[in-house]
Structure formats: structure tokens, C-alpha cells
Amino acid sequence: MHNKTLAELSAGIKSGEFSSEELTLSYIQRIQKLDGQLNSFITVTEKLALQQARAADKRIAAGQADALTGVPLAHKDIFCTDGVRTSCGSKMLDNFIAPYDASVVSRFKQAGMVTLGKTNMDEFAMGSSNETSFYGAVKNPWDLDTVPGGSSGGSAAAVAARLVPAATGTDTGGSIRQPAALTGITGLKPTYGRVSRYGMIAFASSLDQAGPMTRTAEDAALMLNVMAGFDERDSTSMDRAVPDYTAELNQDLKGLKIGLPKEYFGEGLDAGVAKAVEAAIEEYKKLGAEVVEISLPNTGLSVPTYYVVAPAECSSNLSRFDGVRFGYRCEDPKDLEDLYKRSRGEGFGDEVKRRILVGAYALSAGYYDAYYLKAQKLRRLISDDFTKAFEQVDVIMGPTSPSVAFKRGERSDDPVSMYLSDIFTIAANLAGLPGMSVPAGFAGKLPVGLQIIGNYFEESRLLNVAHQYQQVTDWHTRAPEEFK
Amino acid sequence: MEWETVIGLEIHAQLATKSKIFSGASTAYGAEPNTQACAVDLGLPGVLPVLNKEAVAMAVKFGVAIDAEIGKRSVFARKNYFYPDLPKGYQISQFELPIVGLGHLDIELEDGSTKTVGVTRAHLEEDAGKSLHGEFQGMTGIDLNRAGTPLLEIVSEPDMRSAKEAVAYMRKIHSIVTYLGICDGNMQEGSFRCDANVSIRPKGQEEYGTRAELKNINSFRFVEKAINIEVERQIDVLESGGKVVQETRLYDADKDETRSMRSKEEANDYRYFPDPDLLPVEIEDGFIEAARAALPELPDQKKQRYIADFGLPSYDAGVLTADRETALFFEQVVEKSGADAKLCANWVQGELSAALNKDGLEIAQSPVNAEMMSGMMQRMADNTISGKIAKQVFQAMWAGEGDADAVIEAKGLKQITDSGAIETIIDDILANNAAQVEQYRGGNEKVFGFFVGQVMKASQGKANPQQVNELLKSKLQA
């Protein structure tokens, strides 16, 4: 059962092959049996899941099922879930039971999907390896000594190991795509504004975007059908019609123009990754696509720009964690200042503190123009690169990550080398563009991700491009040996 | 040395929206602590602000009322600082691009001349909650009902040169926002409060002196006192060879002094930046023009109309129009009673105003409403009662004894206009005061007043004063 896709599971439930309750139970048992090796879940909501499954079975029996009713999923622990701990991977929120559902969560509830639990993540989504979680590192099911990527590493590992058929993730600088690449699954970061951010604990508000993490592009389309849409509670969500994202999956790719940015294939790219990506491009040529070399000249500026913008926003977004109303509070504060200093000092981990400090510095009087304003200008230049590129091509392709999964601990003492893991993914966040990572082979025994970046609101095209590739390749069906 | 005072005011007017500026929670005053704070106001993880369009419309109304530039594109910014009653650790405000730009208004000075005061800007922001001290055994309670209440912060140019001018400006802004219906103007509840930036400089010097900011003053009287006391302090400092330091000071009304709260060095770096959760506010010309067209009659226009249509002196017109409720009351009395406007004005500014002050009431709470007042004015106009008796009637109405007719009836205050009856009283008085009659006839006309007083006293004030005058004269000269 656990090797079936969302689409297949949904069909199985509807045909009566198995009930939602049976399916849910089998996943819970699988999580209980296998997650000890991975640590991909922070909270497993067993009781709630079985309740939801029984309700879904009734709904199906009453003939009121939607496409995904009764199918289980897991949420990254960044989404508020009513009555369930929502920790954001931090000691700061270890005791926080959210009193409401994030919009994404309530959309999946309305669709009748079953929540298996909350997945592990880098603390406050700040990390590229899932090593900064208060709940411990997540392991990559393809090699337990390596990282699954981050920050949505728990979702990625759980989907890759078939502990859940699908999970939600969030992507601020690559946090869906990079772990998807490192664990051999399919991940989509939609256009900024496509999915509501309400109830998703903010890291960097102008960059954060939620998206699906699945095994196939078709499943991602089914998930996005539920997630996407305007939300009056999020002023930055777009009031724009939501297409059926499965509608264009089967269009052929004849004449599709693929741009290959020369900056994405230079120094620093692992040979094994380059080889796999080049082979994937060859497949696309066979499918009738044309390949054009393009340039995104400001690519080199994206990491430094991001590491001003994201910390600046996070320094302000994380101010509400002050020990006053919710979350961690230090023991016996002497006075107000002591309460603030120790609650935050003890409640946040090192990477979070590092980014708060960098961000507060970049916004300080006297430095604002040199850092924050400058970064905003560079952000504009980076967006302009893409605007020009999309006058020429339909999609842009390249590696998702410069390397395959690296060893745990290998980069944790060197933040800059860690930050460079996201060198190819960050630009799409700065520009607000949709991007995907699809499994495109292996380097050694570890998976490689192909990144596909599209123009604004062209998620349908991305999914179509990914789906067609998955019709002629089987990388997305490969499972890690111990989790088959 | 002769010193000149320079004052600029920052006024916070709470906008009269039903719900908060970024959430759907109610803004009603006085609820149990934390019962009007939703997830957004509490700053829970994951929540997002959504702008209340009504607050934007109100800010635009204010902008057009002071003939200001309206920001076609204004931007909300985060003002970052930690405080227990500031749930998010930042206040959403506007910084570089406010919704209302440069505007101006006129104030009337004591000598009757007019002065134009510039308004630098007005911007939208959310209020913080309240810290409650004292009731929690050494701990502090937080009430977030007020958190997220919309404020319009109105910043003036440093154009005022005395505490009196500052008060006149503050009163003018108060009239404008209440006329527009965008603020209830209630200063006790903190709906209208101000900070004053005060500095002094040698008369004739162009450069401004170092200023002190006086925080959170919530009455017209305190603004005047606080500024005067601060100016005295600054003069003392400078004349004794010291320097005024830039700092925030608090006015203590009980001790009538200002105290330092924090100096510039201790001031926060607010790390303002555009709030990424909110889109810039775009305002179209059509919206601004519609707001301009829909402006109600404002205090200055009303005052001119009172002068032109009612023939009121400028002073009276100014007093009556300063407060919208007072103006409406006055207009109703004139309209319903048909009495002379000046007489109505005298009553509203005189007897009514004194009674309200004495009992500490707002005009809307007056036990004598406009209808009762008109009824009384009519009885004066038709000679049923004299002005003097009217004061008695007014006091009875104030005490809840019914309307004018009921009081006149119950107390038998109807004026005596029967000449025969008045003559009988006069004859009696003249007979009993032969000496004074002699004096009058001997050329001492001053004693005439004595006779009037005696007649009125004998009639218990009910004799028609005009008739008394006429009849007395004819009898004394006979």
C-alpha cells in the first residue's frame, strides 16, 4: 500500500479496495516501526488521524468525497494545527499548542485528508540540513549518515521513506526543493502569493511560500489543487483563479523552450550532479523540447542578498517570541529585561540567534541603506534577470542543489558553506517565481534533483513538464532499500 | 534675555472604526481585559494583519479636511521594540510614506487674529495594549483589548509660539476630527491625546533650540500647564548656564512638573522597515475627490455661516462651533424656538455651559435637551416669562422637574402683564417710600432702579419688566 501514489490511494479508497481507516492505520504502524531511524516526525497524531479517517470513510460512503478524501498526509511543524503542538522545530515553542488551524491545514481538512502528524524541520525553518531542530537531526533514508536537506527535511525524509504519501513543506530559500532533491522526491514551491501564508509561522514573510512534497508531479498537482487560492486573511495572497493543476499534465512538450543558465553549470557543481542533470536535459530533447543557453548574470548576488533580506525580516518576525504570552519562559526572571534576555537566549538555538543578530544589524540606523536597501535593489536586479530570460524561454532548468546529500556535521560549523547549498534555489524566492525539484537520477547511491523554474503563476506548466519527464523515467519510483 | 517658545504637537486620534485596524476584533471601550483581542491582536505565531479599509477612508477624510496632499501610495512599516503590551515586538505604523502629507489649518489667537499652522503629516498605526500595575502582587497584568486599535498620528510643524497657541491648535484638530466623525474625541478614555515637542530660543534667533518631548498629555488644560512649566524649566536651565538635553519627559499633573523619562542616548533604534505582510496602500484620485465632495461643514465654515446668517459676533460663533455637538444643539434651539439667535447663543454659552461644567457633563448628556431649551426660549419670546424667571425655569428643568411649560405652570411663574395689577403694586411701593420719591423728583434719577427692584420683588419677579419701567416712569413724572 505504501508504495502507491496519492492518485492511486485515492482510487483505492473510492473503489473500496481499502478504507481510509485501514490505510491510516497501516501508515501509523509504518511510522512507529521505521521513524526511529529517521526522526522525521516531531508529533504523530495517531488518535486524531484515526478519527479523521473514520469521518472520511463516512463521507465517502455518503458519496460526498473530494479527490483526496481519506488519504493521509503530514504537515511540516511550521503550520499551526488546532489543538496540536506546533513547535516550528524550536524549544521556544515546545509547549505551544496552536489554538487555530493554518489556512493550508484547514483546506486539507475540508478536503477530507487525514493528518498523520507534524514533521521535523530546521528550527524556525532556518537551515539546509535539518540539523538545527530542537528535536534532533533528521536522517536521509538513502544514507542514514547524511542529511535530508532542509528546512523541510522531515517532510522530505518521510515521503522518501514512504512513511506518508505526501507532506506539506515551506520554502523560503529552497526549503522544499533542496530536501526534495536530496531525498529523491518531487517538491514544488509555488509562485509567491499562490498559497496562503496564514497560520504558517513566519520566517521571512516576503519569501515564505508553502507547497507540496510528493513522490510524483501528478500528486503535487493534486495537492496544489487543494492548497492554492486566495485567502482574505493573507493580504499577500493573490486573488486569482485557481486552475485544475492536473488538466495540463498530459500535454506533450514539443517546442518547449528550456533555458539553461550558464551560471548554474559552473564551478562548485559536483560532477555527478552535473552528469545527471545533463542526462535529464537529453531526455527533454527526446520529448521535443528545445534547449537554449541563457544567462542570469546576477546569480552570484542571490546568496548575499538573501542573507540580508531573510534575516532582516526574521529578526522582526521572531520578536513575538518574548516569553510573555506563549512559548518558552525562563525560570524566575529577575525583571523584565532578564525575562526577555534569558527566555530568548535559552529558547532559541544558535542558527536562529545568528540570523536575528545579522538581521537586526542590517536594519539598524546607519546600516539600513548599506544593507537592507541595497539588498532590495539587488533583489530587483535578480528578478529582472528572470523577466528577461522568460522573454526567451518557457522554463529554466538546472541542478536544484550543487551536491547530493552531505554527511551530518560536515557543514554545521561553517555557516557560509551551508548557505551555499541553496545557491540555485534562492533566486526563485527573491523573484517570487515558482520552482520545482524532480528526481533525476543518482550520483553514487544518492539522488539528484533537477530544478525547473517557471514564470509567475505557471505552476501548471511546471507540473506538465515534470510529469512528462516522469512518464519516460522511473527515478521518482525508486525507494531507499530499507524503506521499500 | 527675551526667549521665544517653539512648539510642535504630535496628536494621536483614535479612529472610530467598529473593528481594529488589522483584525476583526471590536474596538469598543471598557470591556473585560483581553476579551476583545483575537489571535491577530495577540500576535500568535502565524497570524497576519489585514488592513481595515474604513481606517484608510477616515485618514483620507482628515487629509482633505486640512487641504493636505494624500499619499497615492503609502506604506506600512514595522517599528521594532520590545514591551510587554506590544504583542508582536513591533508596532505596525507608517514611516517614510504616510497616508497624509503636508496640510494646514487656521487657529484664532487671543487678539482675534488668525494664524496658519502647518501639519507635516498624518499616518495610520495600531495602538498597543495596556500594562496594569498594582493589582497583581508585584506582577504586571497585560490587557490587549486596546492592541490594534487604529490611530491617526497627526504631526504638526513647529509653528506654535506659546502654550495658548498649542492649545488652540489641539482644540482645532479636536473639532475637525469630531466634525468628520472619525474620532469620538473622548480624552478621558484616551481617544485623543498628544505629545508636545517644546524648545526655546533667544528671540530673533533663527535656529531652533534643543527640544524636549512631553509624553501622553490627555487634556487641553494639562497641555497648557505642561508646556508652560517646561518652558520655565528650560529658561532656568539656560539662564543658569546649563544646556537643555534632548529627551523624553513626562508631565506630572499632581506635582505640576515635568520629569525626565529617557535621554536621546537611551532612545530605541526602532529598525523601521516596510512590513512585508501588507501591500502598499494605493489611493486613486477618484476616491480622494469623492471624500472631498462628501466633507461635512467644518468648524471654520460653520463659524462663517453663523456670522453671516445669524449675525453672531465672531467670538460667539467661534465658541459655539468649536464643538460639533454644541453647534448642533445651538442650531436646533434656534430652529425650533424661532427665537433671536443671539439670545439662543447667550443661553447655550452661558447658563447651559455653566451647568454642564458644574456637573462635569458633556452636552450630549445634558438633562436639558435642545427641545426643552427651545420650549423655554419660546416662552421668553411670547412674554410668558422674563429672562430672569427663565433662569429659574432652566434650573428646574435641569433638576428634572419637566419641560418649561410644566415648570411655569407648577411654580406659577407666568409673567404678570396686566397693567392694572402692576399699577396696584407700583402705587403701593410709591406710597410706602415717600422719601425716595422726593429724591427722584428732586433730580436723583439713580433711585429709579430702587423702585424697579421693589416692584419686581413684590411681584416675585413675575411682573413684565418693560411694563414696570414704563408705568413707573409715568407715575413718578405725574
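Figured I'd write up the structure that's included with this text.

Rules used throughout
- Each chain has its residues counted from 1, running along the sequence as written.
- Each chain is given a letter, starting from A, and each ligand a number, starting from 1, according to the order in which they appear as written.
- Local features are withheld for residues below a pLDDT of 70 in this predicted model, meaning they are given only at 70 or higher, and side-chain atom pairs are given and counted only at 80 or more; totals for whole chains, interfaces and linings count all residues.
- With hydrogens and water set aside, each side-chain value is computed from the structure's full complement of heavy atoms.
- A 1.4 Å probe rolled over the protein chains alone gives each residue an accessible area, and that area as a share of the maximum for its type sets the label: buried under 20%, exposed over 50%, partly exposed in between.
- Secondary structure elements follow DSSP: runs of H or I of four or more residues count as helices, runs of E of two or more count as strands, with numbering from the N terminus.
- By the convention used here, strands pair only if DSSP detects at least 2 bridges between them.
- A fitted line through C-alpha atoms represents every axis, and for helices the fit uses only the stretch in contact; the resulting angles, taken between N-to-C directions, go from 0 to 180 degrees.
- We call two residues in contact when some of their heavy atoms are within 4.5 Å.
- Buried area is a sum: the accessible area each of two parts loses on coming together, probed at 1.4 Å, counted once for each and added.
- In the sections that follow, a salt bridge refers to a side-chain nitrogen of Lys or Arg positioned within 4 Å of a carboxyl oxygen of Asp or Glu.
- N or O atoms closer than or at 3.5 Å make up a polar contact, with two conditions inside protein: a donor-capable atom paired with an acceptor-capable one, and, for residues adjacent in sequence, both atoms drawn from side chains.
- Classes in brief: Ala, Val, Leu, Ile, Met, Phe, Trp, Tyr, Cys and Pro nonpolar; Asp, Glu, Lys and Arg charged; the others, Gly included, polar.
- What a helix is expected to span follows from its residue count: subtract one and scale by 1.5 Å.
- Bend, in this description, refers to the angle at a residue between axes fitted to the seven residues ending there and the seven starting there.

## Topic: the pairing of strand E4 (residues 90–94) of chain B
Regular strands place side chains that alternate from one sheet face to the opposite one.
Residue and element names in this part refer to chain B.
Right, on to step 1. With 5 of its 5 residues buried, E4 lies for the most part within the structure.
Right, on to step 2. Neither face of E4 is left uncovered, since the one carrying Tyr90, Ile92 and Gln94 and the one carrying Gln91 and Ser93 both have all their residues buried.
Right, on to step 3. Both strand E3 (residues 76–80) and E4 contribute to a ladder of 5 bridges, which runs antiparallel. Note on E4: the bridge partner recorded for Lys79 is Gln91.

## Here we look at the sheet that holds strand E6 (residues 114–126) of chain B
Residues and elements named next belong to chain B.
Right, on to step 1. Taken in spatial order, the 8 strands of this open sheet run E5-E6-E9-E1-E10-E11-E12-E13, and their pairing is mixed. Each end of this open sheet is capped by a strand with a single partner; those strands are strand E5 (103–108) and strand E13 (257–263). Sheet twist, expressed as the average angle between the axes of neighbouring strands with direction ignored, equals 30 degrees.
Right, on to step 2. Alignment of strand E11 (residues 212–217) against strand E12 (residues 247–252), held across 4 bridges, turns out to be parallel.

## Some thoughts on the interface of chain B and chain A
Right, on to step 1. Listed as interface residues are 29 residues of chain B and, on the opposing side, 38 residues of chain A.
Right, on to step 2. Between chain B and chain A lies a buried interface of about 2,700 Å² when both sides are counted; carbon and sulfur atoms form 58% of it.
Right, on to step 3. Of all residues in chain B, Pro45, Leu48 and Phe82 of chain B bury the most surface against chain A, accounting for 23% of the area lost on that side.
Right, on to step 4. Counting across the chain B and chain A interface gives 1 salt bridge.
Right, on to step 5. Between Arg197 of chain A and Asp277 of chain B there is a salt bridge, with its nearest N and O atoms 3.0 Å apart.
Right, on to step 6. For the pair chain B and chain A, the interface holds 17 residue pairs in polar contact (both at pLDDT 80 or more).
Right, on to step 7. Where the side of chain B that touches chain A is concerned, the elements lending two or more residues are helix H1 (39–42), E3 and strand E14 (273–274) of chain B.
Right, on to step 8. The residue inventory of the side of chain B that touches chain A, partitioned by class, reads 20 nonpolar, 4 polar and 5 charged.

## A closer look at helix H9 (residues 341–359) of chain B
Residue and element names in this part refer to chain B.
Right, on to step 1. In a regular helix each residue adds 1.5 Å, so 19 residues correspond to 27 Å; H9 covers 26 Å between its end C-alpha atoms and thus fits that length.
Right, on to step 2. At Ser353, H9 shows its strongest bend, of approximately 35 degrees.
Right, on to step 3. All of the buried residues along H9 are Ala341, Cys344, Ala345, Trp347, Val348, Leu352, Ala355 and Leu356.
Right, on to step 4. Elements in contact with the buried residues of H9: helix H6 (299–310), helix H7 (314–322), helix H8 (324–337), helix H10 (370–381) and helix H11 (387–398).
Right, on to step 5. Directly beyond the C-terminal end of H9, a positive phi value near 60 degrees is found at Gly360.

## As for unusual backbone geometry
Right, on to step 1. A cis amide bond links Gly150 of chain A with the next residue in sequence, Ser151 of chain A, at an omega value of 10 degrees.
Right, on to step 2. Here Ser151 of chain A lies in the loop between strand E3 (114–119) and helix H5 (153–160).
Right, on to step 3. Phi is positive for Asn130 of chain A, close to 60 degrees, though the residue is something other than glycine.
Right, on to step 4. With respect to the helices and strands, the residue Asn130 of chain A is situated in the loop between E3 and H5.
Right, on to step 5. For Asn130 of chain A, a relative accessible area of 0% puts it in the buried group.
Right, on to step 6. For Arg271 of chain B, which is not a glycine, the phi torsion comes out positive at approximately 45 degrees.
Right, on to step 7. Within the element layout of this structure, Arg271 of chain B appears in the loop between E13 and E14.

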